[in-house]
Amino acid sequence: MLLKMTMFYLHFPPHRLKKVQASSNLYSTGIMEVLMCRHKALNALGHVFVSQMQEVVSSLSSDSAVRVVIFRSLVPNVFCAGADLKERALMDNTESDLYVHGLRSLMTQIALLPSPTIAAVDGAALGGGLELALACDLRTAAHSAQMGLIETTRGLLPGAGGSQRLPRMVGITQAKELIFTGRRVSGQEAQEMGLVNRAVEQNQSGDAAYREALHLAREILPQAPIAVRMAKEAINRGVEVDISSAMAIERICYARVIPTRDRQEGMAAFIEKRPPCYTGE
């Protein structure tokens, strides 16, 4: 199995994990996990893997029941090793360009998901693997995780959005240093530079970042789903334009929240001094 989306605490038999490459199930809580488990290739982004990921992400984009998406790996000590260099070595220039375009499209798909997304980095996230994490809204990492855009060490540059997303997160000079040198940073260093939101000590089961991602997702869940989605849209669209245009975007997003039942519920709960019960309507 290369990729799977599944429910909390749902265990699949080993034979199914090997044969089924992609499927989806929604948690009753509204949290969706995308599990990457291409063990032998360390979750390298090969053609099949990318195609299945695109299919999975596409299905998530239209599912209003999904409130938070967590991307994680089932391969020990690895989040994603990046591009599949064995496949890449067999491509001519045209094929290589199309391949990278597919990677870039996948990362854009992830970035455009309406619900908040969290990358749980419990191991190495290199090249395209870090670009996948960068495409998510939030990132958690184990202190022992290793992250880096290492493309320049392979005669390349980040081509799946990394050269654009990293500077927006850590600043231009910091991003230039990391990309020019191909340097890898630990989860703790990544938190210090603003690359990840939360960094934690790794645990014995090797899933500390995932557990922290669950904790973060559960902090998001009680909030009004439409309001969270509109906040994400306002932020993402607003940072790309001048402040006046950004204010107009905020107004549009705010206007879409006003007529919702959730807004009415939020006001009623405040007046009645009780926790709100949001339904996403």
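Residues numbered from 1 in each chain as written. Predicted model: local features only at pLDDT ≥ 70, side-chain atom pairs only at ≥ 80, totals over all residues. Heavy atoms only, no water.

1. Digging into the overall build of the chain
Next, step 1: Assigned secondary structure in the chain consists of twelve helices and ten strands.
Next, step 2: Taken over the C-alpha trace, the chain has a radius of gyration of 19 Å; the compact-globule value for 281 residues is 19 Å, and the two agree within 12%.
Next, step 3: Projected onto the principal axes, the alpha-carbon positions of the chain cover approximately 60 × 50 × 35 Å.
Next, step 4: Looking at the chain as a whole, 48% of its 281 residues qualify as buried.
Next, step 5: Contacts in the chain between residues at least 24 apart in sequence constitute 66% of all its contacts with a sequence separation of at least 6. (Helix = DSSP H or I, 4+ residues; strand = E, 2+ residues; numbered from the N terminus. Rg over C-alpha atoms; globule rule 2.2 N^0.38 Å. Buried < 20%, exposed > 50% of the residue type's maximum accessible area, 1.4 Å probe, protein only. Contact = heavy atoms within 4.5 Å.)

2. A closer look at the side chain of E131
Next, step 1: Mapping E131 onto the fold places it in helix α5 (residues 128-135).
Next, step 2: Although buried, E131 forms no salt bridge, and the nearest oppositely charged side chain, R165, lies 6.8 Å from it.
Next, step 3: Those residues within four positions of E131 in sequence are excluded, and the remaining contacts are M107, L149, E151, P158, G159, A160, G161 and G162. (Lys, Arg positive; Asp, Glu negative; His and termini not counted. Salt bridge = Lys/Arg side-chain N within 4 Å of Asp/Glu carboxyl O.)

3. Things to note about empty space enclosed by the protein
Next, step 1: Taken as a whole and judged by the stated rule, the model has two cavities of 30 Å³ or more.
Next, step 2: Put simply, the largest cavity is a space of about 70 Å³.
Next, step 3: In terms of residues, the lining of the largest cavity owes the most to one element, helix α10 (residues 225-238), which gives three residues.
Next, step 4: Across the lining of the largest cavity, the residue classes tally to six nonpolar, two polar and two charged.
Next, step 5: One number sums up the size of the second largest cavity: a volume of about 40 Å³.
Next, step 6: The wall of the second largest cavity is formed by L130, M147, G148, L149, L166, L178, R183, V185 and L195.
Next, step 7: Here the residues of the lining of the second largest cavity sort into seven nonpolar, one polar and one charged. (1 Å grid on protein atoms, 1.4 Å probe; cavity = no way out; pocket = protein on both sides within 12 Å on 5 of 7 lines; lining within 4 Å. Points joined across faces, edges and corners; volume = space filled by probe spheres on them. Nonpolar A, V, L, I, M, F, W, Y, C, P; charged D, E, K, R; others polar.)

4. Comments concerning the nonpolar core
Next, step 1: By size, the foremost hydrophobic cluster in this structure holds 48 residues, and its most contacted members are F71, F79, M147 and L195.
Next, step 2: Counting residues in each nonpolar core, the second largest holds 13 residues, with V68, I70, A213 and L216 among its members. (Core = buried A, V, L, I, M, F, W, Y, C linked by side-chain atoms within 4.5 Å.)

5. A word on the layout of surface pockets
With a probe scaled to a water molecule rolled over the atoms, the places where space remains empty come into view.
Next, step 1: Empty space within the largest pocket amounts to approximately 890 Å³.
Next, step 2: Around the largest pocket, the lining is made up of 33 residues, and of these A111, D137, R165, N236 and V239 lie nearest the centre.
Next, step 3: Counting only elements with at least two residues in the lining of the largest pocket, the list comes to α4 (93-111), α5, β7 (138-142), α6 (162-170) and α10.
Next, step 4: The residue inventory of the lining of the largest pocket, partitioned by class, reads 17 nonpolar, six polar and ten charged.

6. Observations concerning unusual backbone geometry
Phi is mostly negative for residues that are not glycine, and the peptide bonds are mostly trans.
Next, step 1: The phi angle at N77 is positive, at roughly 65°, despite the residue not being glycine.
Next, step 2: Looking at the element boundaries, N77 is found in the loop between β3 (68-73) and β4 (78-80).
Next, step 3: For N77, a relative accessible area of 65% corresponds to the exposed category.
Next, step 4: Phi is positive for K273, close to 55°, though the residue is something other than glycine.
Next, step 5: We classify K273 as exposed; its relative accessible area is 78%.

7. A short note on the pairing of strand β2 (residues 31-36)
Next, step 1: Taken across its six residues, β2 has six buried, putting it largely inside the fold.
Next, step 2: Along β2, one buried face is formed by I31, E33 and L35 and the opposite face, lined by M32, V34 and M36, is buried too.
Next, step 3: Where β2 meets β3, six bridges bridge the pair, whose relative direction is parallel. Its bridge partner being in β3, E33 is matched across the sheet by I70.
Next, step 4: Between β2 and its parallel partner β3, the chain crosses via helix α2 (residues 47-61), and the hand of that crossover is right-handed. (Pairing = 2+ DSSP bridges. Right-handed = clockwise from strand over helix to strand, strands pointing away.)

8. Side note on the packing of aromatic side chains
Next, step 1: Enumeration over the complete set of coordinates arrives at zero aromatic pairs.
Next, step 2: Its end group placed over the ring of Y210, R72 keeps NZ or CZ at 3.5 Å from the ring centre. (Phe/Tyr/Trp six-rings, centres within 6.5 Å; stacked < 30°, edge-to-face > 60°. Lys NZ or Arg CZ within 6 Å of the ring centre and 35° of its normal.)

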